[in-house]
Amino acid sequence: MDKYGPIYHIPSIGEISPPISVPFIGINYCTPAYRNVRKVAQITVIGCVLSGRGKVRVNEQTSRVQQGDVFLMRSGCFHEVISEATPEEPWVFIWYNVHSLWALNVLEAYRLLSTVVVPNASMEPLFRQGIEWSESKTIEEMQGAMQLLFMQIVIRLSEIQSSRGELLSMLVRQIKLHLDNQILQPFHTEQLVKELGMSAKHLNRVFKKELGTTIYHYVLTKKMESAKLMLIETNLTVNEISEQLGYSDAHYFSNLFKQKNGVRPTAFRSRFSEHR
């Protein structure tokens, strides 16, 4: 067996599902052989590493995680989890499966939509709270409690990210502000270079050093996440979404979306419309 550990099921009660549902939580004790893949995940997974090491991948972004780290694997993406445990030290993490399209809206509102790992978050007590409640509360009590706990976790992660963001250099903060304000526009490096008065090579080197990704991939990730939210939450056509994100060629946009997410926009929308 490549993993073991307790799993707790929190079924929905009543005819109307809560806006945020956390139907399964548990603890994984992973051997060196553990690997789990979801090609296009329909759940958002949040986890807190208790010990050992592993790797998590969301689309093309792969990150190593260790004790104290919290990872976020948003729905609508390729998920891969790989153990880097040793026989002496298994990889152990608490996980929550979140079944809700609203989870993406919440992550976006708290600026966590593109976050995969928050290192050294020190949130084990908060994650263990759900495990303790699962062993003591009724299912009805758990419904509301887990929604509140999910929000507490998101808010705390956002606070950590915000406080650490203040440690970014002024230049990187300026670059991020420019990029975030231009997500619904065509991206041209020349505009950024003109605004900041520095070479593209220098800006990209500084940005990657502090944030671990290139300017181009930062913009692309933001655009693709916005596209997924529009596909889920609106009735805009693929052509209209393409235009809103600054792509004049809808066919190019569709191919790019498939390249980054594994399916074309229409297939992505169909898959998630079943869960409305």
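Each value, and the rule that gives it
Residues numbered from 1 in each chain as written. Predicted model: local features only at pLDDT ≥ 70, side-chain atom pairs only at ≥ 80, totals over all residues. Heavy atoms only, no water. Salt bridge = Lys/Arg side-chain N within 4 Å of Asp/Glu carboxyl O. Helix = DSSP H or I, 4+ residues; strand = E, 2+ residues; numbered from the N terminus. Buried < 20%, exposed > 50% of the residue type's maximum accessible area, 1.4 Å probe, protein only. Contact = heavy atoms within 4.5 Å. Axes fitted to C-alpha atoms, helices over the stretch in contact; angles between N-to-C directions. Parallel < 35°, antiparallel > 145°, perpendicular 65-115°, else oblique. Nonpolar A, V, L, I, M, F, W, Y, C, P; charged D, E, K, R; others polar. Pairing = 2+ DSSP bridges. Expected span 1.5 Å × (residues − 1). Arc of directions from axis to C-beta. Core = buried A, V, L, I, M, F, W, Y, C linked by side-chain atoms within 4.5 Å.

**Student:** Break down the pattern of salt bridges for me, with residues and values.
**Tutor:** Evaluated as defined, the whole model comprises nine salt bridges. For the salt bridge of K228 with E225, the shortest nitrogen-to-oxygen distance reads 3.3 Å. One end of the pair is K228 and the other is E225, both in helix α7 (residues 215-233) and three residues apart, which spans about a single turn. There is no split in this pair, since K228 and E225 are both buried. Here the residues in one salt-bridge network are R35, R57 and E80, joined through shared partners.

**Student:** Pulling in residues and values, what's your account of the environment of I131?
**Tutor:** Examined against the element boundaries, I131 turns out to sit in helix α2 (residues 124-134). For the pair formed by I131 and G26, sequence separation is 105 residues and the distance between their alpha carbons is 7.0 Å. Those residues in contact with I131 that sit more than four places away from it in its chain are Y8, I25, G26, I27, I94 and Y96.

**Student:** Report on the packing of α2 against helix α3 (residues 139-165), specifying residues and quantitative values.
**Tutor:** Interhelical geometry of α2 versus α3 gives an angle of 175 degrees and a closest axis separation of 10 Å. One element, α2, and the other, α3, form an angle in the roughly antiparallel class. Residues L126, F127, Q129, G130, W133 and S134 of α2 form the contact with α3, whose own contacting residues are M142, A145, M146, L149, Q152 and I153. When grouped by side-chain class, the residues that make up the contact of α2 with α3 number eight nonpolar, four polar and no charged.

**Student:** An account of the sheet that holds strand β4 (residues 35-38) is requested, with residue identities and associated values reported.
**Tutor:** Ordered in space as β4-β9-β6-β7, the four strands form an open sheet in which the pairing is antiparallel. The open sheet terminates on both sides in strands that have one partner only, identified here as β4 and β7 (61-66). Within this sheet the neighbouring strands show an average axis-to-axis angle of 15 degrees, counted without direction. Pairing geometry for β4 and strand β9 (residues 79-83), over four bridges, is antiparallel. Each residue of the ladder has a partner; that of V37, found in β9, is E80.

**Student:** Hey, could you go over helix α9 (residues 250-261) for me, with residue numbers and the actual values?
**Tutor:** Helix length check: α9, at 12 residues, gives a terminal C-alpha distance of 16 Å against a target of 16 Å (1.5 Å per residue), a fit within 8%. Residues A250, F253, S254, L256, F257, K260 and N261 constitute the buried set of α9. Angular distribution of buried residues about the axis of α9 spans 165 degrees; they occupy a single face of the element. More than 90 degrees from the buried face of α9, the exposed residues found are H251 and Q259.

**Student:** Describe the nonpolar core, with residues and values.
**Tutor:** Ranked by size, the top nonpolar core spans 54 residues in total, and within it Y96, F127, M146, L157 and F253 carry the most contacts. At nine residues, α3 tops the list of elements feeding residues into this core. When residues no more than four places from it in sequence are discounted, the contact partners of F253 are M224, A227, V238, I241, S242, L245, Y247 and P265. Counting residues in hydrophobic clusters, the runner-up holds 18 residues, among them Y34, I43, C77 and V81.

**Student:** Give a detailed account of the packing of helix α4 (residues 170-181) against helix α6 (residues 200-211), specifying residues and quantitative values.
**Tutor:** One way to put it is that α4 packs onto α6 with a least axis distance of 10 Å and a crossing angle of 100 degrees. By the criterion of interaxial angle, the relationship of α4 to α6 is roughly perpendicular. Together, L171, V172, I175, K176 and L179 of α4 and H202, L203, V206, F207, E210 and L211 of α6 make up the contact between the two elements. Residue composition of the contact of α4 with α6, grouped by class: eight nonpolar, one polar and two charged.

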